[in-house]
Amino acid sequence: MRYAELLELTPELRDFTPQIPQELDGQFLLRTYPAHSLIHQKDSPLERIGILLRGSFRVVNEFENGNVFMIELNEPVSFIGEVTLLAGAATTSVTIETVTDCLVATVPVETFDQWLRRDIRLLRAVSQHVAAKLYCSSYNRGERLFHSAKYVLLKYLARQAEEQNVRAAGQAVIQKTRQQISEEVGLTVKTINRTLTQFAKDGLLSIRRGKAVLSAEQYRLAQRELRVYVSQSKNGTFS
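Okay, so let's go over this structure.

Definitions and cut-offs
Residues numbered from 1 in each chain as written. Predicted model: local features only at pLDDT ≥ 70, side-chain atom pairs only at ≥ 80, totals over all residues. Heavy atoms only, no water. Helix = DSSP H or I, 4+ residues; strand = E, 2+ residues; numbered from the N terminus. Buried < 20%, exposed > 50% of the residue type's maximum accessible area, 1.4 Å probe, protein only. Contact = heavy atoms within 4.5 Å. Areas by Shrake-Rupley, 256 points an atom, 1.4 Å probe, with all protein chains shown as cover. Lys, Arg positive; Asp, Glu negative; His and termini not counted. Charge placed at Lys NZ, Arg CZ, Asp CG, Glu CD. Pairing = 2+ DSSP bridges. Axes fitted to C-alpha atoms, helices over the stretch in contact; angles between N-to-C directions. Core = buried A, V, L, I, M, F, W, Y, C linked by side-chain atoms within 4.5 Å. Phe/Tyr/Trp six-rings, centres within 6.5 Å; stacked < 30°, edge-to-face > 60°. Salt bridge = Lys/Arg side-chain N within 4 Å of Asp/Glu carboxyl O.

Assigned secondary structure in the chain consists of nine helices and eleven strands. C-alpha extents for the chain along the principal axes are approximately 65 × 35 × 30 Å. For the chain, the residues scored as buried account for 43% of the 239 residues in total. Considering only contacts in the chain between residues 6 or more positions apart, those separated by 24 or more positions represent 71%. Total accessible area computed for the chain in this model is approximately 13400 Å², and 50% of it derives from carbon and sulfur atoms. When the 30 positive and 26 negative side-chain charges of the chain are each reduced to one mean point, those points stand 10 Å apart.

This is the structure in structure tokens:
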């Protein structure tokens, strides 16, 4: 498949580069990955670079003790394997799982590497794309290390409520499972269960059919608690 055909499928690719050197073209392969399937596993050899054209996938890190931590959620246009290539590594550092059905175009690593070396616009765009993701990761990394579990979880719940426009809707229902929340915030399911129970006792949320629910008033209370914590505590506990 040729790059021009990919542009017809996903015109947003033009933001990265409108073309590929002719001698490198024609090597793209299209593949559809069903929802909740693996695109690649951590520590697997990197043979092809992927370009997400449709759908969404999540990037997770798996550890030997069985814990899973979600690093980010990506939507088109996103690249798969570009960090490994730019780092000069031979194997992938993360696992990529589809959230929805995904349409991915892949090209051999060697071809993509030559393309980057010969197209400064593409190199800059891919580098900015990687830097933006790393910036967010770095900006938030210390939060889980130096703030209490209560602060981390309450901030996460407040952010989820904001995304649901809780002030206009009147309430927000956090539909994610405890396991999903665990992977996204980096806390154990046991800690999340215990903390949600305490939040319910404190009136910061309600539990309905196992789901955390925040009314508009509870959201305001949560925001106030977060502000108090930040103003009064450094590496302390959330009272």
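So, about the sheet that holds strand β9 (residues 171–174). Taken in spatial order, the three strands of this open sheet run β9-β11-β10, and their pairing is antiparallel. If you trace the sheet from one side to the other, it starts and ends with β9 and β10 (206–208), each paired once. Neighbour-to-neighbour, the strand axes of this sheet turn through a mean angle of 30°, independent of strand direction. Taken together, the four bridges between β9 and strand β11 (residues 211–215) define a ladder with antiparallel strand orientation. Paired with Val 173 across the strands is Val 213, a residue of β11. Along the sheet, helix α5 (residues 149–163) makes contact with β9 and β11, crossing β9 at roughly 120°.

The topology assignment puts Ser 137 in helix α4 (residues 120–146). Note on Ser 137: relative accessible area 24%, which makes it partly exposed. Once the C-alpha coordinates of Ser 137 and Ile 71 are considered, the two residues, 66 residues apart in sequence, prove to be 7.5 Å apart.

With that settled, consider the nonpolar core. Most often, soluble globular proteins keep nonpolar side chains buried together rather than apart. Core analysis: the largest hydrophobic core is formed by 26 residues, its most contacted members being Tyr 3, Leu 13, Phe 28, Phe 112, Trp 115 and Val 126. Secondary structure elements with two or more residues in this core: α1 (3–9), β3 (48–54), β8 (102–108), α3 (109–118) and α4. Aside from chain neighbours lying at most four places away, what touches Phe 28 is Met 1, Arg 2, Tyr 3, Leu 6, Ile 20, Ile 51, Thr 106, Val 107 and Trp 115.

Our next topic: the sheet that holds strand β1 (residues 29–33). Ordered by their spatial adjacency, four strands build an open sheet running β1-β8-β3-β6, and the pairing between neighbours is antiparallel. In this open sheet, the two edge strands, each paired with only one partner strand, are β1 and β6 (78–80). Taking each pair of neighbouring strands and ignoring which way they run, the sheet shows an average axis angle of 30°. Alignment of β1 against β8, held across five bridges, turns out to be antiparallel. Residue pairing in the sheet places Leu 29 in a bridge with Thr 106 of β8.

Tallying each qualifying case throughout the model produces seven aromatic pairs. Ring geometry for Phe 16 and Phe 79: centres 5.0 Å apart, planes at 75°, overall edge-to-face. Here Phe 16, found in the loop between α1 and β1, pairs with Phe 79, found in strand β6; they are 63 residues apart in sequence, far enough to count as distant. Phe 79 shares its class with Phe 16; the two are buried. Connected via pairs of aromatic rings, a cluster forms that spans Tyr 3, Phe 16, Phe 28, Phe 79, Phe 112 and Trp 115.

Once that is clear, we can look at the pattern of salt bridges. The full count for this structure, using the stated rule, is nine salt bridges. Residues Glu 97 and Arg 58 are paired through a salt bridge, measuring 2.9 Å at the closest nitrogen-oxygen approach. With Glu 97 in strand β7 (residues 95–98) and Arg 58 in strand β4 (residues 57–62), the pair connects residues that are 39 residues apart, well separated along the chain. Residue Glu 97 shares its accessibility class with Arg 58, and that shared class is buried. Salt-bridge contacts for Glu 217 lead to Arg 220; the nearest nitrogen and oxygen are separated by 2.9 Å.

That's the geometry; what it means functionally is another story.
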